[in-house]
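If you want the building blocks of each chain, they are given just below.
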Amino acid sequence: MPVLLCNYTDVYYNEKITSQIDFMVATASAEQVKKFTLREGDTIITKDSETADDIAIAAYVPQNMPGVICGYHLSMIRPREATCGAFMKRLFDSVYVKSCCAVYANGLTRVGLGQYALDNLEMPFPPKTEQAAIAAFLNRETAKIDALIAEQQRLIELLKEKRQSVISHAVTKGLNPNAPMKDSGIEWLGDVPEHWGLPKLKHFTRFVGGGTPSRDNLEYWNGDIPWVSPKDMKVEIINSAEEYITQTGLENSSSSLRPSGQVLMVVRSGILKHTIPVAITEVPVALNQDMKALSFTDGSCLNLFFMRWTQGLNALLLLAWAKQGATVESIEPVSYTHLTLPTNREV
């Protein structure tokens with residue numbers, strides 16, 4: 001019979017399971033519907049994942065949900081008469097229970113909680129009235145904290161927009177509001193300061209890609225050369241990496257050692273749906289194949305200016321550089337893109 005399936009992500013990303021969630025449509029037998037339909041007071045937890053950090057994530061069911069059943073990779077914990085379901089949910093939110101579950105989980109490439117481990121978890125249970133009081137207190141207090149977090153997140157988004165606007169204006173209009181302007185001849189750029197140049201990237205920029213040494217050869221890895229990939233591009237200055245390669249690994253791959261002071265750019269990654277990560281190397285590094293290093297041949301473009309230029313025009317460059325037909329989000333920094341370039345003194 002047709003049912004709605006409460007799946008792993010519904011639990012992982014929600015404190016409560018309610019009818020507001022867009023559940024997956026599925027089918028189930030009458031026996032499965034009877035056994036796994038969500039009821040008021042149930043706590044649903046994730047029971048397996050790639051890491052122990054992602055197991056025993058709990059969501060609470062505040063009301064009966066006929067037609068919605070518990071899906072795969074989840075465990076449904078139904079309170080007995082002497083147990084408050086909302087308190088049970090908060091127990092699974094605690095460091096104590098999460099630590100117990102991490103210890104009891106087993107597996108190598110994927111860890112999971114078996115039924116025996118869940119049945120034998122030792123938990124503190126005060127009287128039911130006290131359980132309910134604790135759960136109500138936590139609901140009130142966490143709601144206040146969640147509201148403050150949401151307010152701060154809104155402020156952070158506004159500040160990000162302000163930061164983007166300040167950078168964009170500075171790298172395309174300059175710092176002098178009274179400077180004479182000229183038509184750039186580029187529709188999306190508009191007017192630029194009259195004394196600024198508009199050279200093409202190909203006239204002064206060299207792009208160098210990277211590669212990955214064979215994972216099968218252990219001699220290529222865990223050396224002292226930072227091997228930069230998109231996951232390292234969360235900062236503006238690169239002086240380390242999550243993974244390191246050896247000189248032998250460097251020599252037996254398509255990567256090369258890039259000197260300090262170069263601009264790094266992600267050219268293939270899911271993050272390119274919305275952001276072009278750029279950074280500057282502070283130490284020599286090697287790159288993987290999803291990265292490009294940029295060096296400026298005539299010294300007219302400071303690395304920091306180019307990084308800010310890319311950040312300021314992020315949305316426009318994503319459109320201009322988008323690589324069509326790629327299965328993963330990719331960009332191709334076009335060599336004939338014009339760069340707004342102030343004088344060295346202004347940079």
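Our structure is the block above this text.
Everything numeric in this text was worked out from a predicted model, so none of it was measured.

S.K.: Can you break down the overall build of the protein residue by residue, with the values?
M.R.: For the protein, the helix and strand inventory stands at 9 helices and 19 strands. Against the 2.2 N^0.38 benchmark of 20 Å for 347 residues, the protein shows a C-alpha radius of gyration of 27 Å, more extended than a compact globule. With respect to the three principal axes, the spread of C-alpha positions in the protein is 80 × 55 × 40 Å. Taking all 347 residues of the protein together, the buried fraction comes to 42%. Sequence separation of at least 24 residues holds for 69% of the intrachain contacts in the protein that already meet a minimum separation of 6. Of the accessible surface of the protein, which amounts to about 19,700 Å², a share of 54% is contributed by carbon and sulfur atoms. Measuring between centres, the 33 positive side-chain charges of the protein sit 3 Å from its 38 negative side-chain charges.

S.K.: Explain the sheet that holds strand S15 (residues 243-245) to me, and be specific about the residues and the numbers.
M.R.: Spatially, S15-S13-S18 is the arrangement adopted by the 3 strands of the open sheet, whose pairing is mixed. Looking along the sheet, the strands with just one partner apiece sit at the ends: S15 and strand S18 (286-287). Two elements, strand S13 (residues 221-228) and S15, share 4 bridges in a ladder whose sense is antiparallel. Looking across to S15, one finds that Trp221 is bridged to Ile245.

S.K.: Give a description of unusual backbone geometry that names residues and reports values.
M.R.: Both trends apply: most residues other than glycine have a negative phi, and most peptide bonds are in trans. For His73, which is not glycine, the phi torsion reads 60° and is therefore positive. Structurally, His73 can be placed in the loop between strand S7 (65-70) and strand S8 (74-77). Its relative accessible area of 40% is what places His73 among the partly exposed residues. Positive phi, close to 65°, is recorded for Asn222, a residue that is not glycine. Looking at the element boundaries, Asn222 is found in strand S13. Taking the relative accessible area as the measure of exposure, Asn222 reaches 74% and is therefore exposed.

S.K.: Residues and numbers for helix H6 (residues 128-173), please.
M.R.: Compared with an ideal rise of 1.5 Å per residue, which puts 46 residues at 68 Å, H6 spans 66 Å between its outermost C-alpha atoms and is within 8% of the ideal. Of all the residues in H6, the buried ones are Gln131, Ala135, Ile167, Val171 and Thr172. Those residues of H6 that are buried are in contact with helix H3 (85-93), strand S11 (191-193) and helix H8 (303-312). After H6 finishes, the residue Gly174 shows a positive phi value of roughly 85°.

S.K.: Just give me the short version of the packing of H3 against helix H4 (residues 95-104), but keep the residues and values in it.
M.R.: In the contact formed by H3 and H4, the axes pass within 5 Å of each other and the chain directions differ by 65°. Considering their axes alone, H3 and H4 lie roughly perpendicular with respect to each other. Facing H3, whose interface residues are Leu91, Phe92 and Asp93, H4 presents Val95, Val97, Lys98 and Cys101. A per-class count over the contact of H3 with H4 returns 5 nonpolar, no polar and 2 charged.

S.K.: Would you mind going over H8 in detail, with residue names and values included?
M.R.: Within H8, 7 of the 10 residues are buried, leaving the element largely enclosed by the surrounding structure. Along H8, the positions that sit buried rather than exposed are Phe305, Phe306, Met307, Trp309, Thr310, Gln311 and Gly312. On its buried face, H8 is in contact with H6, strand S16 (263-266), strand S17 (278-281), strand S19 (291-296) and helix H9 (314-321).

S.K.: So, the pattern of salt bridges: which residues are in play, and what are the values?
M.R.: For the coordinates displayed, the defined rule picks out 15 salt bridges. Across the pair Glu15 and Arg90 runs a salt bridge whose closest N-O atoms are separated by 3.6 Å. With Glu15 in the loop between helix H1 (8-12) and strand S2 (24-27) and Arg90 in helix H3, this residue pair connects regions lying 75 residues apart in the sequence. Here Arg90 ties to Asp93 by a salt bridge, and the two come within 3.3 Å at their closest N and O atoms. In this pair, Arg90 and Asp93 both sit in helix H3, 3 residues apart, roughly one turn of the helix. Since its relative accessible area comes to 16%, Arg90 is described here as buried. Shared partners join several salt bridges into a network, and the residues in it are Glu15, Lys89, Arg90 and Asp93.

S.K.: Lay out the sheet that holds S8 in plain terms, naming residues and giving numbers.
M.R.: What links the strands of a sheet is backbone hydrogen bonding, and the strands pair in either a parallel or an antiparallel sense. Read across the open sheet, the 3 strands follow the order S6-S4-S8; overall the sheet is antiparallel. Because the sheet does not close on itself, it has two edges, and the strands there are strand S6 (58-60) and S8. Across the sheet, the mean angle separating the axes of adjacent strands is 25° when strand polarity is ignored. In the sheet, strand S4 (residues 43-46) pairs with S8 via 4 bridges, with the strands oriented antiparallel. Along S8, the bridge assignment pairs Thr43 with Ile77. Together, S4, S6 and S8 form the strand contacts of H3, whose direction differs from that of S6 by roughly 160°.

Criteria and thresholds
- Residues numbered from 1 in each chain as written.
- Predicted model: local features only at pLDDT ≥ 70, side-chain atom pairs only at ≥ 80, totals over all residues.
- Heavy atoms only, no water.
- Helix = DSSP H or I, 4+ residues; strand = E, 2+ residues; numbered from the N terminus.
- Rg over C-alpha atoms; globule rule 2.2 N^0.38 Å.
- Buried < 20%, exposed > 50% of the residue type's maximum accessible area, 1.4 Å probe, protein only.
- Contact = heavy atoms within 4.5 Å.
- Areas by Shrake-Rupley, 256 points an atom, 1.4 Å probe, with all protein chains shown as cover.
- Lys, Arg positive; Asp, Glu negative; His and termini not counted.
- Charge placed at Lys NZ, Arg CZ, Asp CG, Glu CD.
- Pairing = 2+ DSSP bridges.
- Expected span 1.5 Å × (residues − 1).
- Axes fitted to C-alpha atoms, helices over the stretch in contact; angles between N-to-C directions.
- Parallel < 35°, antiparallel > 145°, perpendicular 65-115°, else oblique.
- Nonpolar A, V, L, I, M, F, W, Y, C, P; charged D, E, K, R; others polar.
- Salt bridge = Lys/Arg side-chain N within 4 Å of Asp/Glu carboxyl O.

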